[in-house]
Protein chains: 2
Amino acid sequence: MVTRPLRSDAARNRVLLLAAAAEEFAAAGMNASIADIARRAGVGKGTVFRHFPTKDDLLAAIVLDRVESLTALAFSLASADDAGQALFDFLAEAAGRQQQLDFSFLRDSGDINDQLREARERLYLTIIALVERAQAAGAVRADVTGLDVILMMCVPAHVVSFVPGAAPDLWRRYLAMVIDGLRPEGAHPLGPPSPVEAV
Amino acid sequence: MVTRPLRSDAARNRVLLLAAAAEEFAAAGMNASIADIARRAGVGKGTVFRHFPTKDDLLAAIVLDRVESLTALAFSLASADDAGQALFDFLAEAAGRQQQLDFSFLRDSGDINDQLREARERLYLTIIALVERAQAAGAVRADVTGLDVILMMCVPAHVVSFVPGAAPDLWRRYLAMVIDGLRPEGAHPLGPPSPVEAV
DNA sequence: GGCTAAGCGGACCGGGCGGTCAACTTGTTA
DNA sequence: TAACAAGTTGACCGCCCGGTCCGCTTAGCC
């Protein structure tokens with residue numbers, strides 16, 4: 001399937017649209033309206049649907065981009081000298097980026113795109129590798145799984161969302177608490193086993 | 001203001017309505033529709049509005065009930081012998097209850113009811129007292145605030161909501177991680193200061 | 001049993017939203 | 001520059017939802 005390049009104005013609009021949509025989704029969640037997105041991008045509503053057949057597709061395009069870039073980051077950290085620090089650096093970057101676009105969209109966008117599902121799977125596998133290396137290095141307690149870490153990764157953004165005028169780096173505080181809960185020192189039994197699948 | 005007692009059928013419908021609404025809100029969040037709630041309760045839509053002038057009022061009534069019952073629980077634990085265990089018990093009960101109705105409603109329900117705001121304030125003060133006692137007993141690290149704990153209290157329910165077929169007690173696993181992050185042993189600096197207000 | 005007011009129900013209204021379409025504009029290419 | 005395809009636009013459609021309203025039902029009381 002060969003696709004001819006977009007006309008120049010269409011390419012420009014596509015970029016404007018993605019940026020506007022990311023902001024609107026970040027501000028209003030799945031309630032952001034197509035009309036608002038179009039207005040913010042300075043285009044007509046019809047143009048939105050020409051680029052993305054449905055609202056879900058638009059959201060999926062944005063999330064896919066974030067997911068893939070996060071995978072790239074995780075991959076680049078996979079061979080760092082300090083495996084523990086590598087994981088914690090990754091979590092910090094992930095939490096920081098989620099200030100802009102929460103991952104709960106992975107859940108909200110109901111029937112997930114196939115492409116997005118695959119990208120998510122790649123991200124998860126890469127993170128799991130980071131976690132296992134960090135555990136082997138003794139930086140992370142042995143009784144958590146990669147999936148646990150993935151789930152806890154979303155915590156700082158979520159917590160901060162409850163604080164109206166939050167300082168821009170407040171998420172670091174809660175990330176620090178989460179990480180302290182992942183450390184081997186002072187770990188208590190966790191109780192129920194980790195789930196096998198999520199989101 | 002003296003209010004005559006409800007007619008018997010009206011009283012019955014009111015409790016059916018509250019139960020149905022709690023379930024619908026738990027399942028669909030703020031997107032739960034009045035029509036669905038009415039159907040589940042087996043009453044007409046008009047009846048819903050006779051009991052609760054707006055959808056927000058209905059939600060507020062439910063949340064108010066939960067908040068007050070949680071305050072009562074916290075209060076009853078405020079003089080327990082083991083202050084650390086008292087706090088952890090409270091967090092467990094709070095997390096367990098949130099499996100049914102997430103506290104994010106405190107945020108979602110836009111302009112919060114005055115009555116609800118006061119109830120929330122009482123709950124927060126009671127929790128803060130629990131936290132300070134637990135800190136004095138050395139069970140909780142000194143650099144977290146009561147508000148931090150309040151914010152982290154919502155984490156287990158949120159995390160579990162990403163796991164489709166989650167075991168009914170899975171939240172205990174993530175509560176254990178959260179609590180381990182609150183313990184003094186192995187605590188690392190938190191970075192940014194705690195916020196002064198939330199939700 | 002009969003009266004009355006509290007309570008009930010569902011048709012209805014207005015508004016907002018996702019998505020469609022056909023007329024119009026514009027980038028591209030020869 | 002001419003001609004065409006690609007792109008844009010906003011009016012429009014159907015749907016759903018919160019909330020209203022008025023005719024009907026029924027509990028409570030004598």
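Because the structure is predicted, anything quoted here is derived from the model rather than measured. (Residues numbered from 1 in each chain as written. Chains lettered and ligands numbered in written order. Predicted model: local features only at pLDDT ≥ 70, side-chain atom pairs only at ≥ 80, totals over all residues. Heavy atoms only, no water.)

Next up on the list: the interface of chain A and chain B. Listed per partner, the contact involves 43 residues of chain A and 43 residues of chain B. Among the residues chain A hides against chain B, the three largest losses belong to Phe 162, Arg 173 and Met 177 of chain A. Together they make up 20% of the total. Remark: the boundary between chain A and chain B carries 4 salt bridges. Residue Asp 180 of chain A pairs with Arg 141 of chain B through a salt bridge whose shortest N-O separation is 2.8 Å. Across the chain A-chain B interface, the total number found is 15 residue pairs in polar contact (both at pLDDT 80 or more). Looking at the side of chain A that touches chain B element by element, the count peaks at 10 residues for helix α10 (residues 170–182) of chain A. Across the side of chain A that touches chain B, the residue classes tally to 23 nonpolar, 9 polar and 11 charged. (Contact = heavy atoms within 4.5 Å. Buried area = accessible area lost by both parts, 1.4 Å probe. Salt bridge = Lys/Arg side-chain N within 4 Å of Asp/Glu carboxyl O. Polar contact = N/O pair within 3.5 Å; in protein donor to acceptor, adjacent residues only side chain to side chain. Helix = DSSP H or I, 4+ residues; strand = E, 2+ residues; numbered from the N terminus. Nonpolar A, V, L, I, M, F, W, Y, C, P; charged D, E, K, R; others polar.)

As a measure of interface size, the accessible area lost when the parts come together is often cited. Residues and elements named next belong to chain A. According to the domain assignment, chain A contains domain 1 (7–52) and domain 2 (54–182). Tallying the contact residues gives 14 residues for domain 1 and 12 residues for domain 2. In this assembly, domain 1 packs against domain 2 so that about 1,100 Å² is buried in total across both faces, 80% of it on carbon and sulfur atoms. By the criterion of area lost to domain 2, the three top residues of domain 1 are Phe 25, Met 30 and Phe 52, representing 55% of everything that side buries. Along the contact surface separating domain 1 from domain 2 lie 0 salt bridges. (Domains from an automatic or database assignment.)

Turning to helix α8 (residues 146–153) of chain A, a few remarks are in order. Helical periodicity: at 3.6 residues per turn, an α-helix aligns residues three or four positions apart in one direction. With 8 of 8 residues buried, α8 of chain A is to be regarded as a mostly interior element. By the burial criterion, the buried members of α8 of chain A are Gly 146, Leu 147, Asp 148, Val 149, Ile 150, Leu 151, Met 152 and Met 153 of chain A. (Buried < 20%, exposed > 50% of the residue type's maximum accessible area, 1.4 Å probe, protein only.)

Mapped onto the present numbering, the UniProt feature "DNA-binding region" (unreviewed entry) falls at residues 33–52 of chain A. Within residues 33–52 of chain A, the helical portion is 75% and the strand portion 0%, while the C-alpha atoms at the span's ends are 14 Å from each other. (UniProt positions renumbered as here; feature names shortened; annotations may be inferred.)

Surveying the vicinity of DNA strand D reveals 23 residues, the closest of which are Arg 7, Asn 13 and Arg 50 of chain A together with Lys 45 and Lys 55 of chain B. For DNA strand D, the fraction of atoms within 4 Å of the protein that belong to sugar or phosphate moieties is 67%. His 51 of chain A has a polar side-chain atom sitting 3.3 Å from a phosphate oxygen of DNA strand D. Ile 34 of chain B places a main-chain nitrogen or oxygen 2.9 Å from a phosphate oxygen of DNA strand D. Elements with a minimum of two residues in the surface near DNA strand D: α1 (8–28) and α3 (45–51) of chain A together with α1 (8–28) and α3 (45–51) of chain B. When residues in the surface near DNA strand D are grouped by element, the largest group, 5 residues, is from α3 of chain A. The residue makeup of the surface near DNA strand D, split by class, is 6 nonpolar, 8 polar and 9 charged. (Near = heavy atom within 4 Å.)

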